[in-house]
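# Structural overview
The primary structure of each chain is shown beneath.
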Amino acid sequence: MLSKCNKIMHNSEGINATNCKDRLSELPDEVIVHILSFLPTVDAIRTMLIRCFRNLWTFVPTLKFDLDAYTNGMIRLNRCDDLWTINPLFGSEIQEYYDIHYSSDSDSGVIFWVFPRFSRFVRNVLTLHKGPTIDTFHISIDQFPDDLFVQDVIDDVQTWLTFAIDKGVQNLNFDFDSHDAIIPQCVFTSHSLVTLSLSDVKLEDQTQVHLRNLRKLSLFCVCGSDRAFQQLISGCPSLLELTIDNAIGMQILNVTSQSVSKLFLGVEDDPIALNTPALKMLDVVYPSSSSSYLLKVIDVSSLQEVNAKNLPCYGDQVTTFFSQFLSVEVFTLSHHSFSRLSLINTDYPQNRWKRLVLHPCWYNVRCVQIIFGLVAASVELEDLVIHSGYSSGNGKTRFIRPEISTCVMPLLKTVTIHRKENCLVSQLKIVELLLANTIVLEKMVINFEKKQVTAVEENNFVEQVSRFRKASTNATVVFA
């Protein structure tokens, strides 16, 4: 990279600049270390071959180790001139690895061979690290066969986590892909952790949990009892955001903390009840496959915003789902939720939503019907946002007239529509119906996606909209 500075360069005035300055070397060490922290750990280490970087990588505050990436990286190595073959930090048995990899039919055999070298790599990096603290520590041992998890592997992982805690790590991400992993007690009593993410591990009943500075907790495919989950969540008095996706063994989620304002909940087939009286925002997603279970809501009395990233599979379940959140102020339906609605017949219960955000599937013939079914049920709706969503095919042949075209929206004041190609007929019909039925509408903003809509299409659209009847004399239409 720095060899370019040794070439003859000419500035804008035509002056020969053979003595080009190495501006990178002039940067303070603290700035270089900050730059290195954005690189993958292995790439940051490789910079030791560049004179100006020296061993500055040993001070980087971000350390990320991924067994899968390490394995794939070894497969792609150049055996002759790659850093891995000449630096003892990484090991030098490349030929042995290639012989085993290409002679073995078992991926697990390859991983079992690689892990000791991966472990040595991590151990050497941690031994040579000179920084007083670590901001981010990431360990991922994914796709490791369960039958190969021996005690030595678990001991290594626990040692690495303890090292990170001793270094005052603020952001810890741990993916072990085995419920045999037992997380060291020191993790649950850390005063430095701000964010903690655990994936595919087992959550044991803890004698003590006190993460006083933790702001964000994420649990993915974590196994444990109700008591174990409750102990962990209750031990985070400053927690603001909580993510739980596939909590194996949890039957009821109790979040009584007044600080937790946002929850992302992935609903699987295991029964789970939601008791979060202080929660403000909820993102909920159902599995794409059929699920017979419906989230049970006990108390969400403070909930203000719901983002449905996916919905249950059956019409009666969808109706029940909507009924659980009738009093929230903001309700959002993602593209996946809209796709689910297009496949089922359901009733939309009357609600008190004040803001409705939709990501429709324009290619579906029921698109306009679904939008107006939701709008008609929202009797206190003041703000409607319709995103460009997803479209395919020809919108002119995929539209049917909605049955509720005469519904009146008494409080709707602002509408924002993001217009996209292949949706001309459907979007024009939505604009026409909204203008004709919103008696207090103040402003409708129609945004064109410039990369997808031609000037001719835009002009035709504007001309047709200008001819539509307006129920509100104060309504203005703005094209952006």
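These numbers were taken from a predicted model, which means no experiment stands behind them.

Further remarks concern the packing of aromatic side chains. Any pair of aromatic rings gets described here by the distance separating the centres and the angle formed by the planes. Enumeration according to the criterion identifies 11 aromatic pairs in this entry. Summarising the aromatic geometry, the rings of F65 and F121 are spaced 5.9 Å apart at their centres and angled 80° between planes, so their arrangement reads as edge-to-face. Remark: F121 occurs in helix α7 (residues 107–128) and F65 occurs in strand β1 (residues 62–66); sequence separation between them is 56 residues. For the pair F65 and F121, a shared accessibility class is recorded, and that class is buried. A centroid spacing of 5.9 Å and a plane angle of 80° characterise the contact between Y286 and F321, whose relative ring orientation is edge-to-face. Highlighted residues: Y286 in the loop between β12 (281–285) and β13 (296–299) and F321 in helix α10 (residues 315–323), separated in sequence by 35 residues. In this structure, Y286 and F321 share a single accessibility class: buried.

You will see that C221, though not glycine, has its phi angle at about 50°, which is positive. Tracing the chain through its elements places C221 in the loop between β6 (216–220) and β7 (223–224). Taking the relative accessible area as the measure of exposure, C221 reaches 27% and is therefore partly exposed. At N246, a residue that is not glycine, the phi angle is positive and equals roughly 65°. Checked against the element boundaries, N246 lands in the loop between β8 (241–245) and β9 (252–254).

Here the focus is α10. Along α10, the residues that are buried comprise G315, Q317, V318, F321 and F322. Each buried residue of α10 sits inside an arc of 160° when the element is viewed along its axis, so together they form one side. Elements in contact with the buried residues of α10: β12, β14 (305–308), β15 (330–333), α11 (335–341) and α12 (367–377).

Attention shifts here to the pattern of salt bridges. For the structure shown, the criterion picks out 9 salt bridges. Across the salt bridge formed by R54 and D29, the nearest N and O atoms sit 3.2 Å from each other. Of the two residues, R54 sits in the loop between α3 (41–46) and β1 while D29 sits in helix α2 (residues 29–36), which places them 25 residues apart along the sequence. Close ionic contact of D383 with R355 constitutes a salt bridge, the shortest N to O distance being 2.7 Å.

Residue placement: F188 occurs in the loop between β3 (171–175) and β4 (195–199). Expressed as a C-alpha distance, the spacing of F188 and I165, which sit 23 residues apart in the sequence, is 9.8 Å. Setting aside its immediate chain neighbours within four residues, F188 contacts I183, L203, Q206, Q208, V209, H210, L211 and L232.

The 3 strands are arranged β9-β11-β13 in an open sheet whose pairing can be described as parallel. The open sheet has two edge strands with one neighbour each: β9 and β13. Adjacent strand axes in the sheet meet at a mean angle of 15° when their direction is disregarded. The sheet contact formed by β9 and strand β11 (residues 273–275) spans 3 bridges and is parallel. In the sheet register, L253 faces β11, and the bridge partner there is L274.

With that out of the way, let us pick up the pairing of strand β18 (residues 414–419). Residue alternation in β18 divides its side chains into a buried set, V415, I417 and R419, and an unburied set, T414, T416 and H418. Note that strand β17 (residues 383–386) and β18 share 4 bridges and pair parallel. Residue pairing for β18: I386 is matched across the bridge by I417.

Membership of the largest hydrophobic core comes to 126 residues, with the highest contact counts inside it found for F137, F322 and F331. What F331 contacts, discounting residues up to four positions off in sequence, is V306, A308, F321, F322, F325, W353, R355, L356 and V357.

As a further point, take the pairing of strand β19 (residues 443–448). Taking burial as the measure, the 6 residues of β19 include 5 buried ones, the bulk of the element. For β18 and β19, the ladder comprises 6 bridges, and the chain directions are parallel. The residue bridging R419 from the neighbouring strand is F448, located in β19.

Within this structure, the stated rule accounts for 5 cavities of 30 Å³ or more. Computed from the structure, the largest cavity encloses a volume of approximately 70 Å³. Along its surface, the largest cavity is lined by I244, N246, A247, M250, G266, V267, E268, D270, P271 and I272. The residue makeup of the lining of the largest cavity, split by class, is 6 nonpolar, 2 polar and 2 charged.

Another aspect to go through is the side chain of N310. If you trace the backbone, N310 turns up in the loop between β14 and α10. Engagement of the side chain of N310 in a polar contact is seen with the backbone oxygen of Y286, the distance being 3.3 Å.

The subject of this paragraph is helix α8 (residues 151–166). With 16 residues, α8 extends 22 Å between its outermost C-alpha atoms, agreeing within 8% with the 22 Å of an ideal straight helix rising 1.5 Å per residue. Among the residues of α8, those classed as buried are V153, I154, V157, W160, L161, F163, A164 and I165. At the C-terminal side of α8, G168 shows a positive phi close to 70°.

So, how was this worked out
- Residues numbered from 1 in each chain as written.
- Predicted model: local features only at pLDDT ≥ 70, side-chain atom pairs only at ≥ 80, totals over all residues.
- Heavy atoms only, no water.
- Phe/Tyr/Trp six-rings, centres within 6.5 Å; stacked < 30°, edge-to-face > 60°.
- Helix = DSSP H or I, 4+ residues; strand = E, 2+ residues; numbered from the N terminus.
- Buried < 20%, exposed > 50% of the residue type's maximum accessible area, 1.4 Å probe, protein only.
- Arc of directions from axis to C-beta.
- Contact = heavy atoms within 4.5 Å.
- Salt bridge = Lys/Arg side-chain N within 4 Å of Asp/Glu carboxyl O.
- Pairing = 2+ DSSP bridges.
- Axes fitted to C-alpha atoms, helices over the stretch in contact; angles between N-to-C directions.
- Core = buried A, V, L, I, M, F, W, Y, C linked by side-chain atoms within 4.5 Å.
- 1 Å grid on protein atoms, 1.4 Å probe; cavity = no way out; pocket = protein on both sides within 12 Å on 5 of 7 lines; lining within 4 Å.
- Points joined across faces, edges and corners; volume = space filled by probe spheres on them.
- Nonpolar A, V, L, I, M, F, W, Y, C, P; charged D, E, K, R; others polar.
- Polar contact = N/O pair within 3.5 Å; in protein donor to acceptor, adjacent residues only side chain to side chain.
- Expected span 1.5 Å × (residues − 1).

Everything listed here is a matter of coordinates, which is why it stays silent on function.
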